[in-house]
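# Survey of secondary and tertiary structure
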Amino acid sequence: KHINELIHERFEKNSLDLENRLVVDLGANRGDFSSWALEQRAIVLAFEPDAVAFTHLVRRMKSFSNFFPLK
């Protein structure tokens, strides 16, 4: 819920249609923003250099075919 509120505060309503759009999450950590974008049906390319966070990120998003993690 919190991330949804932050996104709506920062972006215009018209720019929130992410279906089939590419979203890049730099420093994705465990994937809160990636998760939100995936729920909006975006294609997510997520970068996370920390090995522990990357492992959590991949496990958390494994069910999404439109998710592409990179270290």
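Residues numbered from 1 in each chain as written. Predicted model: local features only at pLDDT ≥ 70, side-chain atom pairs only at ≥ 80, totals over all residues. Heavy atoms only, no water.

### Side note on the nonpolar core
Defined as follows: Only buried Ala, Val, Leu, Ile, Met, Phe, Trp, Tyr and Cys residues count toward a nonpolar core, and they belong to the same one when joined by side-chain atoms within 4.5 Å. Throughout this description, buried means an accessible area under 20% of the type-specific maximum (1.4 Å probe, protein chains only), exposed means over 50%, and partly exposed covers the range between. Strands are runs of DSSP state E lasting at least 2 residues, helices are runs of H or I lasting at least 4, and numbering of each runs from the N terminus. We call two residues in contact when some of their heavy atoms are within 4.5 Å.
Counting residues in each nonpolar core, the largest one holds 14 residues, and the members touching the most others are Val44 and Phe67. Counting residues per element, the ones that place at least two in this core are helix H2 (32-39), strand E2 (43-47) and helix H3 (51-61). The greatest single-element share of this core, amounting to three residues, is contributed by H2. Look past the residues within four positions of Val44 in its chain and what remains in contact with it is Val23, Ser34, Ala37, Leu38, Asn66, Phe67 and Phe68.

### Let's talk about the pairing of strand E3 (residues 67-70)
Along any regular strand the residues' side chains alternate between the sheet's two faces. Selection criterion: Two strands make a pair as long as DSSP finds a minimum of two bridges between them. When the strands point away from the viewer and the path from the first strand over the helix to the second turns clockwise, the crossover is right-handed.
Pairing of E2 with E3, which is carried by four bridges, proceeds in the parallel orientation. For Val44, the partnering residue across the bridge sits in E3 and is Phe67. Considered for its hand, the β-α-β crossover made up of E2, H3 and E3 is right-handed.

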